[in-house]
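Spelled out from the first residue to the last, the chains are:
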Amino acid sequence: MVIQISHLRLIVAWACAVLAFVRAHASDGVAPTDAFYKRSSYTLPPELKLEASGIAVLPDGRAAIAIRKGEVWLLNNPTGDPAKPDLTLFAGGLHEPLGLTWHEGALYTTQRSEVTRLEDRNGDGVADRYSTAAKGWGISGNYHEYAYGPVFDGDGNLWVTLNVTIGTKLNLPGNRMGDPLWRGWAMRQKPGGKLEPMAAGLRSPFGIGVNAEGDVFATDQQGNWWGTCPLLHLREGKFFGHADSIRDTRRPESPVRDPGELPQDVTMVRAAEQIPGFALPAVWFPYVKMGQSATGIVCDQTGGAFGPFGGQLFVGDFTMALINRVFLEKVNGEYQGACFPFVRGLQSAVLQMAFLADGSMLVGESNRGWNSLGTRSYGLERVAWTGRTPFEILRMEAQTDGFLLTFTEPLDVTRPLGPESFTLTSYTYLYHAKYGSPETDTQKVEVISVEVAPSGRSVRLICTGLRPGYVHELRLGPLQAKDGSTLLHREAYYTLNQIPRRD
């Protein structure tokens with residue numbers, strides 16, 4: 001009975017969150033996303049449960065798709081008729097591959113215990129060589145000891161991220177039952193080198209990706225120590241907050257300093273001040289408003305074939321079956337930025353995305369293991385730009401005294417625009433071992449004046465009450481573009497870790 005009541009509470013909480021999300025977006029009165037981005041669902045063979053856990057696009061345009069049950073399939077005509085996909089088996093016998101990438105002539109995927117290089121040396125479309133590319137982390141057999149990736153950064157270094165051991169370790173024959181090595185860490189391997197620990201404090205960092213500059217980012221999951229889902233800039237020596245990784249900071253090869261006793265029920269801002277080596281997320285995804293379980297990351301480097309968002313990141317979400325958009329900038333040497341809604345209402349939980357040769361986005365989906373919105377349990381969708389540009393906030397940039405908003409289309413400058421069209425609030429989350437956190441320490445940020453550029457492309461908001469380390473939530477009125485269109489999405493969430501210094 002206790003288990004049943006516990007499950008019922010989780011279901012009720014999830015249903016309430018979804019209902020709040022639907023109500024929040026039911027009356028936006030904006031044009032549907034499909035007018036700008038067309039979605040197509042691939043018709044898959046009924047015998048193939050294509051729970052896509054990794055996607056990589058090959059130089060010849062084919063798409064390789066890893067599935068949770070240990071196989072890699074080739075979609076030989078990804079930009080063709082989605083009703084007639086040409087799928088062939090490329091590799092099998094893998095142990096829960098959670099990620100896939102193409103690098104220097106081969107596919108790489110991360111299994112439970114290693115990164116594997118898959119090669120097709122005779123060109124027949126089937127892998128004929130499986131070799132270990134990287135290894136060196138511990139596993140006990142626990143269900144949640146996932147390993148993700150890999151990705152390669154701008155210097156050609158291989159990166160993976162490792163889930164913490166959630167729950168009881170499995171006592172397998174021959175297992176020494178010590179603490180599995182480097183759980184909750186990001187690991188890096190230089191070309192020709194060995195896998196080394198880089199950053200600690202992760203929980204369940206499913207998404208791992210690279211931006212246009214070659215820097216590595218990861219998403220993590222709301223839970224204990226995480227008030228909501230973050231986007232993290234991975235780099236050497238940083239601690240992101242989850243306690244389970246601390247034991248390995250005491251090893252001589254650890255680049256992360258032992259943070260000592262962690263504070264409880266303080267704001268994330270205070271935690272960053274008190275904990276040695278602590279790094280705040282580059283971006284927070286406010287809970288429900290921007291999803292509930294962030295997943296894969298992909299950077300738009302299509303040269304405009306996917307619309308106006310070149311260089312920005314797209315981040316999936318499992319529970320809400322959606323994709324968000326992220327603009328990043330460096331302020332005082334640190335990444336921070338804003339997240340925006342992009343595409344909602346996909347057919348299943350979003351796990352991974354990749355851009356195809358024609359600039360469209362391939363989306364891999366599976367709701368295995370958790371609840372998600374959508375009508376299917378797994379599948380593939382393709383998102384293609386129609387050529388029509390949506391009226392959106394393109395960028396939200398931090399200023400010394402406010403924010404600069406740049407739009408995809410020029411505003412109608414003949415219409416008056418004042419502070420009343422912009423509502424700003426700031427808040428943060430609690431840092432504690434409990435599961436999740438409400439928005440806390442919420443305050444209004446006053447917009448005291450608005451400066452519209454003569455071109456109508458940008459608006460400068462002069463504000464009082466900016467707070468470093470806090471999410472700044474922006475709500476806009478029904479702004480109108482020069483062509484008469486209204487904003488597709490009227491909300492943005494900027495994580496203001498740093499206020500730009502005055503020159």
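Residues numbered from 1 in each chain as written. Predicted model: local features only at pLDDT ≥ 70, side-chain atom pairs only at ≥ 80, totals over all residues. Heavy atoms only, no water.

**Considering the nonpolar core**
Grouped together as the largest cluster of nonpolar side chains are 62 residues, with contacts concentrated most on Leu-231, Leu-234, Phe-239, Phe-285, Val-326, Leu-328 and Tyr-431. For this core, the leading source of residues is strand 11 (residues 158–162), giving four residues. The next biggest cluster of nonpolar side chains, apart from the first, holds 29 residues, and it includes Phe-403, Leu-405, Phe-422 and Ala-481. (Core = buried A, V, L, I, M, F, W, Y, C linked by side-chain atoms within 4.5 Å. Buried < 20%, exposed > 50% of the residue type's maximum accessible area, 1.4 Å probe, protein only. Helix = DSSP H or I, 4+ residues; strand = E, 2+ residues; numbered from the N terminus.)

**Observations regarding the sheet that holds strand 13 (residues 195–199)**
Two modes of strand pairing occur in sheets, parallel and antiparallel, and in both the strands are linked by backbone hydrogen bonds. Ordered by their spatial adjacency, four strands build an open sheet running 10-11-12-13, and the pairing between neighbours is antiparallel. Two strands bound the open sheet, and with one partner strand each, they are strand 10 (147–152) and strand 13. Mean inter-strand twist for the sheet, computed between neighbouring axes without regard to direction, equals 30°. Sheet topology note: the strand 11/strand 12 (residues 186–189) ladder contains four bridges and is antiparallel. Residue pairing across strands places Val-160 opposite Met-187, the latter belonging to strand 12. (Pairing = 2+ DSSP bridges. Axes fitted to C-alpha atoms, helices over the stretch in contact; angles between N-to-C directions.)

**What about the pattern of salt bridges?**
All chains considered together, the criterion is met by 20 salt bridges. A salt bridge links Arg-251 to Asp-248; the shortest N-O distance between them is 2.6 Å. A residue is classified by how much of its surface remains accessible, and Asp-248, at 1% relative accessible area, is buried. One connected set of salt bridges, linked through shared partners, spans Lys-289, Glu-439, Glu-473 and Arg-475. (Salt bridge = Lys/Arg side-chain N within 4 Å of Asp/Glu carboxyl O.)

**What about unusual backbone geometry?**
A cis geometry characterises the amide bond from Gly-149 onward to Pro-150, with omega recorded as 5°. Within the element layout of this structure, Pro-150 appears in strand 10. Positive phi, normally seen in glycine, also occurs at Trp-225, with a value near 75°. Structurally, Trp-225 is set in the loop between strand 15 (216–219) and strand 16 (229–233).

**So, the sheet that holds strand 25 (residues 378–385)**
The strand order 1-25-24-23 describes an open sheet built from four strands, whose pairing is antiparallel. Here the strands that pair on one side only, and so sit at the sheet edges, are strand 1 (37–41) and strand 23 (350–355). Direction aside, the axes of adjacent strands within the sheet are offset by 25° on average. By the bridge criterion, six bridges tie strand 24 (residues 361–366) to strand 25 in an arrangement that is antiparallel. The partner of Ser-366 across the bridge, within strand 25, is Tyr-378.

**Describing the pairing of strand 19 (residues 294–299)**
Counting buried residues along strand 19, six of its six residues qualify, which places the element largely inside the surrounding structure. When strand 19 meets strand 20 (residues 313–317), the two strands line up antiparallel, connected through four bridges. The residue bridging Ile-297 from the neighbouring strand is Val-315, located in strand 20.

**So, the environment of Tyr-431**
The residue Tyr-431 is located in strand 29 (residues 430–431) in this model. The class for Tyr-431 is buried, based on a relative accessible area of 0%. Distance from Tyr-431 to Gly-227, taken between C-alpha atoms, is 7.0 Å for residues 204 residues apart in sequence. Engagement of the side chain of Tyr-431 in a polar contact is seen with the backbone oxygen of Gly-241, the distance being 2.6 Å. (Polar contact = N/O pair within 3.5 Å; in protein donor to acceptor, adjacent residues only side chain to side chain.)

**Description of the packing of aromatic side chains**
According to the stated counting rule, one finds 24 aromatic pairs in the structure shown. With 5.0 Å between their ring centres and 75° between their planes, Phe-306 and Phe-355 make a pair best called edge-to-face. Of this pair, Phe-306 sits in the loop between strand 19 and strand 20 while Phe-355 sits in strand 23, and the two are 49 residues apart along the sequence. Relative accessible area serves as the criterion here: at 0%, Phe-306 is assigned to the buried category. Here the aromatic rings of Phe-391 and Phe-407 are separated by 5.8 Å at their centres, their planes lie at 40°, and the arrangement is tilted. Pair noted here: Phe-391 is in the loop between strand 25 and strand 26 (393–399) and Phe-407 is in strand 27 (residues 402–407), with a separation of 16 residues, a long-range link. The pair formed by Phe-391 and Phe-407 is uniform in burial state, with each residue classed as buried. Grouping aromatic residues by their ring pairs yields a cluster made of Tyr-37, Phe-306, Phe-309, Phe-314, Phe-342 and Phe-355. Above the ring of Tyr-470, the side-chain terminus of Arg-467 is found at 3.8 Å from the ring centroid. (Phe/Tyr/Trp six-rings, centres within 6.5 Å; stacked < 30°, edge-to-face > 60°. Lys NZ or Arg CZ within 6 Å of the ring centre and 35° of its normal.)

**Considering the state of the cysteines**
Under the counting rule described, the total for this entry stands at zero disulfides. Free cysteine: Cys-463, not disulfide-bonded; nearest cysteine sulfur from Cys-339 at 17 Å. (Disulfide = S-S within 2.5 Å.)

**Some remarks on the confidence of the model for the chain**
Per-residue confidence for the chain averages 92 on the pLDDT scale, and 91% of its residues sit at or above 70. Contacts from residues 1–15, a stretch scored under 50 in pLDDT, to residues over four places away or in other chains number five contacts. Counted against residues more than four places away or in other chains, residues 18–31, with its pLDDT under 50, gives 18 contacts. (pLDDT = per-residue confidence, 0-100. Contact = heavy atoms within 4.5 Å.)

**Structural notes on the pairing of strand 31 (residues 458–464)**
Of all seven residues in strand 31, five are buried, a share of seventy percent or more. Alignment of strand 27 against strand 31, held across five bridges, turns out to be antiparallel. Bridging from a neighbouring strand, Thr-406 pairs with Ser-458 of strand 31. In terms of strand pairing, strand 30 (residues 440–452) meets strand 31 through six bridges, oriented antiparallel. The residue bridging Ser-449 from the neighbouring strand is Ile-462, located in strand 31. Taking the residues between adjacent antiparallel strands as the criterion, strand 30 and strand 31 are bridged by five residues, where Gly-456 takes a positive phi near 80°.

**A short note on the side chain of Arg-183**
Within the fold, Arg-183 resides in the loop between strand 11 and strand 12. Separated by 2.8 Å, the side chain of Arg-183 and the backbone oxygen of Tyr-146 make a polar contact.

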